[in-house]
Amino acid sequence: YVLEAYTLPARPGVGGTPDDEILESSKGRITEQLFEPEQYYYTVRSKKRGTQIFEQNFDWKAGALLLATGDTKQTAKLEAGTQDRLSYLIQLAVNVEQGNNEFTLPLAEPEHTDQLMFRASNKEQLELPVGTVEAVGVECFLDSETPDRIIWIAPSWEYIPVLIERTVADG
């Protein structure tokens, strides 16, 4: 698989101004309904700071996650089922499609791996620019009992994510 997305700045120090252009890219393979990332890139192009690239390479045979930012390189343990910031969206959709209403996924971040807990909720009708769709809200929890975000996936559209709601500190 290959996934690419243009996103808004989300990480202090890596992205941060509305003028930044951010491209995320995930490449990997699909085995038995499991997405296994092989390479992930987070690229920020800024008028003020130039271009910054954060790279993750997943070495499943060695169980190692190789991280690189500029000249800085490091290695971390690669947990089974670890996802990157794009592949987790598809992997959570696969879990919901299979009827898993509560599950966890390890998510590789620059300095550590987060354990994200997901809980699927009831279906609701969403009004989107492309029309109305019935979607399942999947709450994402990180270190608290309050969801960090809700990811809405549409069963009639092959369980693709159609909306992500996220509340930040300033509301």
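In what follows, the structure referred to is the one given above.
Conventions we followed
- Residues numbered from 1 in each chain as written.
- Predicted model: local features only at pLDDT ≥ 70, side-chain atom pairs only at ≥ 80, totals over all residues.
- Heavy atoms only, no water.
- Pairing = 2+ DSSP bridges.
- Helix = DSSP H or I, 4+ residues; strand = E, 2+ residues; numbered from the N terminus.
- Axes fitted to C-alpha atoms, helices over the stretch in contact; angles between N-to-C directions.
- Contact = heavy atoms within 4.5 Å.
- Salt bridge = Lys/Arg side-chain N within 4 Å of Asp/Glu carboxyl O.
- Buried < 20%, exposed > 50% of the residue type's maximum accessible area, 1.4 Å probe, protein only.

*Asks:* With reference to specific residues and values, describe the pairing of strand E8 (residues 113-128).
*Replies:* Sheet topology note: the strand E7 (residues 102-108)/E8 ladder contains 7 bridges and is antiparallel. Looking across to E8, one finds that Leu 105 is bridged to Leu 116. Taking the residues between adjacent antiparallel strands as the criterion, E7 and E8 are bridged by 4 residues. Between E8 and strand E9 (residues 131-141), which pair antiparallel one after the other, the connecting turn spans 2 residues.

*Asks:* Any chance you could break down the sheet that holds strand E10 (residues 149-154) for me, citing the residues and the numbers?
*Replies:* Taken in spatial order, the 5 strands of this open sheet run E7-E8-E9-E10-E11, and their pairing is antiparallel. The open sheet has two edge strands with one neighbour each: E7 and strand E11 (160-166). Geometrically, the sheet is characterised by an average inter-axis angle of 35 degrees between neighbouring strands, direction not taken into account. The pairing of E10 with E11 spans 6 bridges and is classified as antiparallel. Bridged to Ile 153 within E11 is Pro 161. Packed onto the sheet, helix H1 (residues 87-97) meets E7, E8, E9, E10 and E11 and runs at close to 165 degrees relative to E7.

*Asks:* Could you give an account of the pattern of salt bridges, naming the residues involved and the relevant values?
*Replies:* When charged atoms on two side chains of opposite charge get close, those side chains can pair. Under the defined criterion, the tally for this structure stands at 8 salt bridges. One salt bridge in this structure joins Glu 24 and Arg 85, with 3.3 Å as the shortest N-O distance. In this pair, Glu 24 is assigned in strand E2 (residues 21-31) and Arg 85 in the loop between strand E6 (72-77) and H1, connecting sequence segments 61 residues apart. Glu 24 gets classed as buried once you look at its relative accessible area, which sits at 3%. A relative accessible area of 19% places Arg 85 in the buried class. In this structure, Arg 149 and Asp 148 form a salt bridge, with 2.5 Å as the shortest nitrogen-oxygen distance. Relative accessible area serves as the criterion here: at 12%, Arg 149 is assigned to the buried category. With a relative accessible area of 18%, Asp 148 lands in the buried category.

Geometry only, nothing functional implied.
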